[in-house]
Each structure stands twice: as structure tokens, then as C-alpha cells.
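For reference, the chains in residue letters:
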Amino acid sequence: MKEYFTLSEIDEVAQVVRSKTKHQPKIGLILGSGLGDLANAVEDADSIAYTELPYWPVSTVHGHAGRLVIGKLEGKDVLVMQGRAHYYEGYSMAETTLPVRVMQRLGVDILIVTNAAGAINPDYVPGDVMFLSDHIAMIGMIGNNPLRGANLDELGPRFPDMSQAYDRELLAIAQGVAGKNNIKTFAGVYVALSGPSFESPADLRFLQAIGADAVGMSTVPEVIIARHAGTRVLGISGISNKANLDGSTSTTHEEVLEAGRILVPKLTTIIRGFLAAL
Ligand code: HPA
């Protein structure tokens, strides 16, 4: 496991990606659990298995295909990650977020991150879409921040701002697209935990008390790395299950993947419309 990457190691990966595609994507897209299908819509696609890339973290989780798909969606050059690796799989924070660094070195300046999340907000039901308006970096707050280690000054500052982690202009565009297509969406706060165990009822009541609307095991480290280098972010949670604040039911990974089937058409419409509007 590598705890840190140097700029030249990041560039080494970027160079391998460059050698395997004719496209020059400026938009990156990370597709979370059960949401990978959109990658199949990419046109004129170059596909790169994660295993072909040095240092690249390969997801071991069912529902994460594990390849980069680079091509055109709505006329825009995009780099799509079909599946992501998570911290709980045993990767370091630097490894988990290496793909975002590589995207930045390839010229990506807008990142669309998606995830499956549990609903803490009682108004949300499985199949709902929540745009991220902000996050709680629970996973990073007490030391496990992906920027720990020597700062890469060429990429961004030692103490990066997070006052607008999710770009308001991009959010407004995406909300407009959803509205036009009669897709109901929410905007809320996503809290990232390390996982892989789901939350206890007391965990969930705590997360609700501190202002979280949805909970998951990814995304926030990627967004911190994105913002460090000024990459603009649109964040979308697909609500896969209700969090069990009273302990009356339990959450399963199958439930998370099942909700993906309802969510994929909605997210496809939103993301396609968003790309077309850019
Ligand atoms: N908790 C944490 N992560 C998740 C959940 C959940 O309920 N659903 C999908 N990812």
C-alpha cells in the first residue's frame, strides 16, 4: 500500500492513460455502486481496465466494474470511472483518490461524482436523487484526510478552502435539467464514513443530529482532492435505502444495487442534460 504519491508518479499514470486514448476529456465522471451502466452509453469509447494502470486502486466490491471509459457523451469528451475503490477495501486515502489526481493531470476541470447513499433525512425514499449541497468529512476530520502528507504545491495550497465544495453554478444547471425532465431531486448534506459496516441506530441518530441528510462510504475524499486543485464538482447521491434510525429494519448491499436500477435512468437523464447544457 502506498501512503503518498509524488507528482511524477501521478504523471506516470496520466501518461499511460494518454497513450491508450485519442480523447482529451475535460470532464470526469465517477460512477458509484450500482450506477455504472451510464458508462455503456459513451460513444467512440476507449476502454482501459484499471488493472492496466500502475498504482490504480481496483475495486473488489460487487457492482463496480473496474474500468475507465473515455469517449463522448452529448458531444463532450468525458472520462468515466465505471466503479471506484473505497478506503474500507484496504487502500490508503492517497490510493483511493489517485484517480482524481490523474484526471486533473489529464486536464479534467469538472468532476461529476455519484454514489449510492442511505437516507437519514426522513423525506427521502429509495430511488430518490439528492444533489450534494455540502458534506461532512467525518472520515477525514480526525486525521484521515487525503491531503495528509507533503503538500503538492504545484497542484494546490496546503490549506485548501472547502467553503464551496460543490459548485453552485453547476448545481443550478443540474437542478434545472432535473426540473425540466420532471425528476424530483433534493439538495442535502452527505456524510462520509469509512465503512464497511453499516451504521448502528445510535450512529444514525448522531449523524442526523449533526446535520447529515444522507450517509455513504465514498465521495468526500475525492471531492477534497478535486477542490485542492480547483476542480469544480457536481455531486449526486442516489438514495438506495432508508437508514434505520430506530433499528427496526436492516440494510443490505443487494438493496443498494437494486435501487441502482431505478436510479440509473434518472441519473442518466440528469447527467446527459447537464453535459449538453455545459
Ligand atoms: N450507509 C452507508 N453507506 C451506504 C448506505 C448506508 O445506509 N447505503 C448506501 N451506501
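Everything here concerns the structure above.
So, how was this worked out
- Residues numbered from 1 in each chain as written.
- Predicted model: local features only at pLDDT ≥ 70, side-chain atom pairs only at ≥ 80, totals over all residues.
- Heavy atoms only, no water.
- Helix = DSSP H or I, 4+ residues; strand = E, 2+ residues; numbered from the N terminus.
- Rg over C-alpha atoms; globule rule 2.2 N^0.38 Å.
- Buried < 20%, exposed > 50% of the residue type's maximum accessible area, 1.4 Å probe, protein only.
- Contact = heavy atoms within 4.5 Å.
- Areas by Shrake-Rupley, 256 points an atom, 1.4 Å probe, with all protein chains shown as cover.
- Lys, Arg positive; Asp, Glu negative; His and termini not counted.
- Charge placed at Lys NZ, Arg CZ, Asp CG, Glu CD.
- Axes fitted to C-alpha atoms, helices over the stretch in contact; angles between N-to-C directions.
- Parallel < 35°, antiparallel > 145°, perpendicular 65-115°, else oblique.
- Left-handed = near helix turned anticlockwise from the far one by under 90°.
- Nonpolar A, V, L, I, M, F, W, Y, C, P; charged D, E, K, R; others polar.
- Core = buried A, V, L, I, M, F, W, Y, C linked by side-chain atoms within 4.5 Å.
- Near = heavy atom within 4 Å.
- Polar contact = N/O pair within 3.5 Å; in protein donor to acceptor, adjacent residues only side chain to side chain.
- Phe/Tyr/Trp six-rings, centres within 6.5 Å; stacked < 30°, edge-to-face > 60°.

Draft legend 1. Highlighting the overall build of the protein. The helix and strand tally for the protein stands at 7 helices and 9 strands. In summary, the protein has a C-alpha radius of gyration of 17 Å against a globular reference of 19 Å for 278 residues, a match within 12%. Burial statistics for the protein: of 278 residues in total, 56% are counted as buried. A fraction of 84% describes how many contacts in the protein between residues 6 or more apart in sequence connect residues 24 or more apart. Accessible surface, the protein: about 11,300 Å² in total, of which carbon and sulfur atoms supply 51%. Both charge centroids of the protein, one from 23 positive and one from 30 negative side chains, sit 4 Å from each other.

Draft legend 2. Looking closely at the packing of helix H2 (residues 93-106) against helix H6 (residues 220-228). Packing of H2 against H6 leaves a shortest axis separation of 9 Å and a crossing angle of 40°. When the axis of H2 is compared with that of H6, the two are oblique. The hand of the H2/H6 crossing is right-handed. Of H6, the residues touching H2 (which contributes Met-93, Thr-97, Val-100, Arg-101 and Gln-104) are Pro-221, Glu-222, Ile-225, Ala-226 and His-228. Its residues placed into classes, the contact of H2 with H6 shows 5 nonpolar, 3 polar and 2 charged.

Draft legend 3. Examining the nonpolar core more closely. Among the nonpolar cores identified, the biggest contains 48 residues, and Val-17, Trp-56, Leu-68, Met-81, Val-102 and Met-130 are the most heavily contacted of them. Grouped together as the second largest cluster of nonpolar side chains are 30 residues, Ala-39, Val-78, Leu-171 and Ile-236 included.

Draft legend 4. Here's a closer look at the site of the ligand. In the vicinity of the ligand, the residues found are Ala-116, Ala-117, Gly-118, Phe-198, Glu-199, Val-215, Gly-216, Met-217, Ser-240, Asn-241 and Val-256. In this structure, Glu-199 approaches the ligand through a side-chain N or O atom, which is 2.9 Å from a nitrogen atom. In the model, a nitrogen atom of the ligand is placed 2.7 Å from a nitrogen or oxygen of the Asn-241 side chain. Protein chains bury 95% of the 260 Å² of accessible surface belonging to the ligand in isolation. Considering each element in turn, the shell around the ligand owes the most residues, 3 residues, to strand S5 (residues 110-119). Per-class residue counts for the shell around the ligand are 6 nonpolar, 4 polar and 1 charged.

Draft legend 5. Quick look at the packing of aromatic side chains. Taken as a whole and judged by the stated rule, the model has 3 aromatic pairs. Ring geometry for Tyr-50 and Trp-56: centres 5.6 Å apart, planes at 35°, overall tilted. Look at Tyr-124 and Phe-186: their rings are 4.4 Å apart centre to centre, the planes differ by 35°, and that puts the pair in the tilted class. You can see Tyr-124 sitting in the loop between S5 and strand S6 (129-136) and its partner Phe-186 sitting in strand S7 (residues 185-192), a full 62 residues away along the chain. For Tyr-124, a relative accessible area of 2% puts it in the buried group. Accessibility expressed as a relative area gives 17% for Phe-186, which makes it buried.

Draft legend 6. Focus on unusual backbone geometry. Here Gly-195 and Pro-196 are connected by a cis peptide whose omega angle stands at 0°. Looking at the element boundaries, Pro-196 is found in the loop between S7 and helix H5 (201-209). Within the chain, Asp-44 stands out as a residue other than glycine whose phi angle is a positive 50°. Tracing the backbone shows Asp-44 in strand S2 (residues 43-49).

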